[in-house]
Amino acid sequence: MKARIGSQGSLEEGKDPVTKVVNQCKPLPIRLLQFILLFLGLGIVFSFVSVYMVRYSVVQNVIPMVQSRFQSCSQQFSLESWIRPPSNLLHSMNDTQLFWRASFVPRIKEYPFNRTRKIAFMFLTRGPLPLAPLWERFFKGNEKLYSIYIHSLPSYKPDFPPSSVFYGRQIPSQVAEWGRMSMCDAERRLLANALLDISNEWFFLLSEACIPLHNFKVVYHYISKSRYSFMGAVDEPGPYGRGRYNPNMSPEVNITEWRKGSQWFEVNRKLAVDIIKDEVYHPKFEQFCRPACYVDEHYFPTMLTIESPRLLANRTLTYVDWSRGGAHPATFGKADINDQFFKRISESPACTYNDQPTSLCYLFARKFAPSALGPLLEHSTKFLGF
């Protein structure tokens, strides 16, 4: 019993120290509590400030973004975005997309801005422009009145200096074969790219062998005052005219509507749109006008004779010399550049301009070899007026 009592006593003694420790805990000092409360208060204030700063930063970042997007949208749908010509002629559109885009026509005739009408000079070439220095002189000082477009072989890489009027004027091109529909497709491609500039009103098709016969002022006045577009469209009997007609082209094209004309033409904006939007005559000519039917001599003259005969002057503005015979006109070199040569051009048979007789029938001439450039530049003031 004693032992058990002693054991019990020892257990009670073991509890006593714990009880004493607990009873000895004292309240925290007032200064320590104040420090803890101050620390918690600062933490809460810092948290609020941090949240506010984050929200402010987000708002500040979002507002410029919204403003930027708003400005971008407003610029995208502004009038300026519609009338500004493409800054880069190298685009990714295929022919179908290009012709569709270029066929847009305003239904209201009056333009809601000051539109300066320009001439689009479209050069259909294989590669270089050996007569470029002469053209540079022709264009000088008339920068607001013209545009330039070049269609060459896709493999050709132009090397015009940045100061040249021809720099950056290459359009996406494809191979064009003489006498084939690919040649007309190249011409349509030039027209379509030029139509993307709303200010282009008249369109000249030229080759690398062409030269201007007059200064820019004469050319611009002549074309801007004309009531007609200049494309030859002759009903020519014999094997080289009607003899090339294929009866399979009927009923879209009848033999009485079959026409022949020079490849080198000038058309106004309305006829340019008619050419690039055509889906009726193109398949017929592609299938049934192949050598010895040369499609570039028949497609456009026939189509426009059917669609818009009263808008054609039925003659070309580009002088050529067929007197030497053969499948191609004469080529003029250095030895040909003299007074007699240009006198012969000026004394060509009279023609009509706005239904009135005139002796000024040609604005351009071809074909000129690179060797002709030197004397042309030397005597350009005398022979060409610039």
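All figures in this text were calculated on a predicted structure; none of them were measured in a lab.

Peer 1: Which residues make up the sheet that holds strand β6 (residues 318-319), and what values go with them?
Peer 2: Read from one edge of the open sheet, three strands run β4-β9-β6, paired in mixed fashion. Edge strands, defined here as strands with exactly one partner in the open sheet, are β4 (211-212) and β6. Bridging between β4 and strand β9 (residues 364-365) involves two bridges; their strand directions are antiparallel. In the strand pairing of β9, I211 is matched with A365.

Peer 1: Please provide a residue-by-residue account of the packing of helix α4 (residues 95-102) against helix α6 (residues 181-195), values included.
Peer 2: Orientation of α4 relative to α6, taken along the N-to-C sense of each, is 45 degrees, at an axis distance of 9 Å. Accordingly, the angle class assigned to the pair α4 and α6 is oblique. α6 is crossed by α4, and the crossing has left-handed handedness. Contact residues: α4 offers D95, L98, F99 and A102, while α6 offers R188, R189, A192, N193 and L195. The residue makeup of the contact of α4 with α6, split by class, is five nonpolar, one polar and three charged.

Peer 1: A description of the state of the cysteines should follow, citing residues and the corresponding values.
Peer 2: This model, assessed by the stated rule, comprises two disulfides. Disulfide pairing is shown between C289 and C293; the S-S distance is 2.0 Å. The disulfide joining C289 to C293 has a torsion of about -80 degrees about its S-S bond and is therefore left-handed. In this structure C289 comes out as buried when scored by relative accessible area, which is 3%. In this model, C351 is linked to C361 through a disulfide, with the two sulfur atoms separated by 2.1 Å. Judged by the sign of its S-S torsion, about -110 degrees, the cystine formed by C351 and C361 is left-handed. Note that C351 is positioned in strand β7 (residues 351-353) and C361 in the loop between β8 (356-358) and β9, a separation of ten residues in sequence. Note on C351: relative accessible area 13%, which makes it buried. On the basis of relative accessibility, which here comes to 5%, the residue C361 falls in the buried class. Each bonded cysteine of the protein chain gets a number by its place in the sequence, and the pairs then read 1-2, 3-4. In this structure C184 is a free cysteine whose sulfur lies 8.2 Å from that of C289, the closest cysteine sulfur available.

Peer 1: Give me the packing of helix α8 (residues 269-277) against helix α10 (residues 299-307): which residues, what numbers.
Peer 2: At their nearest, the axes of α8 and α10 sit 11 Å apart, and the two run at 110 degrees to each other. One finds that α8 runs roughly perpendicular with respect to α10. Seen from above, α8 lies across α10 with right-handed handedness. Contact with α8, carried on its side by L271, D274 and I275, involves Y299, F300, M303 and L304 of α10 and no other residues of that element. For the contact of α8 with α10, the per-class residue count stands at six nonpolar, no polar and one charged.

Peer 1: If you had to explain the side chain of H151 to someone new, which residues and values would you point to?
Peer 2: Among the structural elements, H151 can be located in strand β2 (residues 146-151). A distance of 3.4 Å separates the side chain of H151 from the backbone nitrogen of Q174, its partner in a polar contact. For H151, the side chain forms a polar contact with the side chain of R189, separated by 2.9 Å. Setting aside residues no more than four positions away along its own chain, H151 makes contact with F123, L124, T125, I171, P172, S173, Q174, A186, R189 and L190.

Peer 1: Which residues make up the sheet that holds β2, and what are the values?
Peer 2: Read from one edge to the other, the open sheet built from four strands follows the order β2-β1-β3-β5, with strand pairing classed as mixed. Looking at strand neighbours, the two that pair on one side only are β2 and β5 (266-268), the edges of this open sheet. The sheet shows a mean angle of 20 degrees between the axes of neighbouring strands, taken without regard to direction. In this sheet, β5 lies alongside strand β3 (residues 200-207) in antiparallel orientation, the contact comprising three bridges. Within the sheet, the bridge partner assigned to F204 lies in β5 and is E266. Strands in contact with α6 are β1 (118-124), β2, β3 and β5; relative to β1, the strand with the most contacts, it is inclined by about 150 degrees. Along the sheet face, helix α7 (residues 216-224) touches β1, β2, β3 and β5 and points at about 120 degrees away from the line of β3.

Peer 1: Which residues make up the pattern of salt bridges, and what are the values?
Peer 2: Under the definition given, this model contains 13 salt bridges. Among the ionic pairs, R189 bridges to D95, the shortest N-O distance being 2.8 Å. Highlighted residues: R189 in helix α6 and D95 in helix α4, separated in sequence by 94 residues. A salt bridge links D339 to K382; the shortest N-O distance between them is 3.2 Å. Taken together, the residues span a long stretch of sequence, with D339 in helix α11 (residues 339-346) and K382 in helix α13 (residues 380-383) at a distance of 43 residues. The exposure class of K382 is exposed, given its relative accessible area of 56%. Ionic contacts of the salt-bridge type, sharing partners, join the residues K270, D274 and K277 into one network.

Thresholds, definitions, all that
- Counting from 1, residues in each chain are numbered in the order their sequence is written.
- This being a predicted model, a pLDDT of at least 70 is required before a residue's local features are given, and a value of 80 or more before pairs of side-chain atoms are given or counted; all residues contribute to the totals for chains, interfaces and linings.
- Side-chain metrics in this entry use all non-hydrogen atoms of the structure; hydrogen atoms and water are not considered.
- Here, a strand pair is defined by DSSP locating no fewer than two bridges between the strands.
- Every helix listed is a DSSP run of H or I at least four residues long, and every strand listed is a run of E at least two residues long, numbered separately from the N terminus.
- To obtain each axis, a line is fitted to C-alpha atoms, and for helices this fit is confined to the stretch in contact; angles are then taken between N-to-C directions over 0 to 180 degrees.
- In what follows, roughly perpendicular refers to angles from 65 to 115 degrees, roughly parallel to angles under 35, roughly antiparallel to angles over 145, and oblique to any angle outside these ranges.
- Throughout, a crossing is termed right-handed when the near helix is turned clockwise from the far one, and left-handed when it is turned anticlockwise from it by less than a right angle.
- We call two residues in contact whenever any of their non-hydrogen atoms come within 4.5 Å of each other.
- Nonpolar residues are Ala, Val, Leu, Ile, Met, Phe, Trp, Tyr, Cys and Pro. Charged residues are Asp, Glu, Lys and Arg, and all others, Gly as well, are polar.
- By definition, disulfides here are pairs of cysteine sulfur atoms that lie within 2.5 Å.
- Each residue's exposure class comes from its accessible area (1.4 Å probe, protein chains only) as a fraction of the maximum for that residue type: buried when under 20%, exposed when over 50%, partly exposed otherwise.
- Here a polar contact means two N or O atoms within 3.5 Å. Within protein one must be a hydrogen donor candidate and the other an acceptor candidate, and residues neighboring in sequence count only if both atoms are side-chain atoms.
- Think of a salt bridge as a Lys or Arg side-chain nitrogen and an Asp or Glu carboxyl oxygen that are within 4 Å of each other.

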